[in-house]
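Spelled out from the first residue to the last, the chains are:
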Amino acid sequence: MPIPKELSLTPEQLDELMLSTWNMRIATIGPGTRINLTPLWFGWAGGKIYTFCRGQKVENLRRNPTCTILVDRNERFPELQGAMFQGTARVLEDAAAEAADPHLEEVRWQMGRKYAGGHGEPAEPRRNESTARGRNWRWVVFTPDKLVTWDNFKLAALRRERQTGT
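To keep things clear, this report deals only with the structure shown in the data block. What you are looking at is a predicted structure, and each value in this text was computed from that prediction instead of being measured.

What counts, and at which threshold
Residues numbered from 1 in each chain as written. Predicted model: local features only at pLDDT ≥ 70, side-chain atom pairs only at ≥ 80, totals over all residues. Heavy atoms only, no water. Helix = DSSP H or I, 4+ residues; strand = E, 2+ residues; numbered from the N terminus. Buried < 20%, exposed > 50% of the residue type's maximum accessible area, 1.4 Å probe, protein only. Polar contact = N/O pair within 3.5 Å; in protein donor to acceptor, adjacent residues only side chain to side chain. Contact = heavy atoms within 4.5 Å. 1 Å grid on protein atoms, 1.4 Å probe; cavity = no way out; pocket = protein on both sides within 12 Å on 5 of 7 lines; lining within 4 Å. Points joined across faces, edges and corners; volume = space filled by probe spheres on them. Nonpolar A, V, L, I, M, F, W, Y, C, P; charged D, E, K, R; others polar. Phe/Tyr/Trp six-rings, centres within 6.5 Å; stacked < 30°, edge-to-face > 60°. Core = buried A, V, L, I, M, F, W, Y, C linked by side-chain atoms within 4.5 Å. Pairing = 2+ DSSP bridges. Salt bridge = Lys/Arg side-chain N within 4 Å of Asp/Glu carboxyl O.

1. Some details on the side chain of Thr28
Checked against the element boundaries, Thr28 lands in strand S1 (residues 23-29). Residue classification places Thr28 among the buried residues on the basis of a relative accessible area of 0%. Only 2.9 Å separates the side chain of Thr28 from the side chain of Asn60, close enough to count as a polar contact. Excluding anything up to four places from it in sequence, Thr28 contacts Arg34, Ile35, Asn36, Lys57, Asn60, Leu61 and Cys67.

Structure below.
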């Protein structure tokens, strides 16, 4: 059953969710048909999701760029808010690809502010200096082609509207 439009996040609420939530989950297709689901830190710019990651996720995306990303918050059903993105990811294979991306510099600063102190270092915002290295440490840019959002805080109002017909 599709989510009623009345429960969707507004564009402003989606931006707030994406800019304030720390973790996303990315589902990639591993070897064979196995799904690899992993939490990651991320940035949001130009309608795209950016992450710096390594390992199996990068290998999976090189082989099959189709993936799903979930960003959500809260635990209790009446308070759940989230966004599920389906689309494709592109691995930025080298510094030239990183430099050519129109939003990566913005994301580097955004993530440097968002995650300052997240690894136990001083909580001073600074530019995320991560760059392609080794075989599998890479920036990944995800472009959604489908988006589903929900804001269960809106459930009570939707129920009242349906009961009263207004």
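That shown, we press on.
2. Topic: the side chain of Asn136
The residue Asn136 is located in the loop between helix H4 (104-114) and strand S7 (138-151) in this model. Only 3.2 Å separates the side chain of Asn136 from the side chain of Glu59, close enough to count as a polar contact. There is a polar contact of 2.6 Å between the side chain of Asn136 and the side chain of Arg62. When neighbours within four sequence positions are excluded, Asn136 is seen to be in contact with Cys53, Arg54, Gly55, Val58, Glu59 and Arg62.

3. Things to note about the layout of surface pockets
Estimates place the volume of the largest pocket at around 460 Å³. Elements supplying a minimum of two residues to the lining of the largest pocket: strand S2 (35-41), strand S4 (48-53) and H4. Among the elements that line the lining of the largest pocket, the one with the most residues is S4, at three residues. Classifying every residue of the lining of the largest pocket by side-chain character gives seven nonpolar, five polar and seven charged.

4. Focus: the environment of Pro39
Position of Pro39 relative to the elements: it lies in strand S2. Note: C-alpha distance between Pro39 and Leu9 (30 residues apart in sequence) is 22 Å. Not counting residues within four places of it along the chain, the set of residues in contact with Pro39 comprises Met24 and Arg25.

5. Quick look at the packing of aromatic side chains
Two descriptors summarise a pair of aromatic rings, namely the distance from one centre to the other and the angle between the planes of the rings. Evaluated as defined, the whole model comprises six aromatic pairs. Judged by centre distance (5.7 Å) and plane angle (55 degrees), the ring pair of Trp44 and Phe85 falls under tilted. You can see Trp44 sitting in strand S3 (residues 43-45) and its partner Phe85 sitting in strand S6 (residues 81-92), a full 41 residues away along the chain. In terms of burial, Trp44 and Phe85 fall into one category: buried.

6. Some thoughts on the nonpolar core
By size, the foremost hydrophobic cluster in this structure holds 32 residues, and its most contacted members are Met18, Met24, Ile49, Ile69, Val71, Phe85 and Trp139. The greatest single-element share of this core, amounting to five residues, is contributed by S6. What Ile69 contacts, discounting residues up to four positions off in sequence, is Met24, Arg25, Ile26, Ile49, Ala83, Met84, Phe85 and Phe142.

7. Considering the pairing of S6
Pairing geometry for strand S5 (residues 66-73) and S6, over eight bridges, is antiparallel. Opposite Ile69, over in S6, you have Phe85 as the bridge partner. Pairing geometry for S6 and S7, over 12 bridges, is antiparallel. The residue bridging Gln81 from the neighbouring strand is Asp151, located in S7.

8. Brief notes about the pattern of salt bridges
Using the criterion set out here, one finds 11 salt bridges in the structure. Arg62 is the partner of Glu59 in a salt bridge, and the nearest nitrogen-oxygen pair spans 3.4 Å. With Glu59 and Arg62 both in helix H2 (residues 56-63) and three residues apart, this pair spans about one turn of that helix. For Arg76, the salt bridge identified is with Glu79, shortest N-O distance 3.3 Å.

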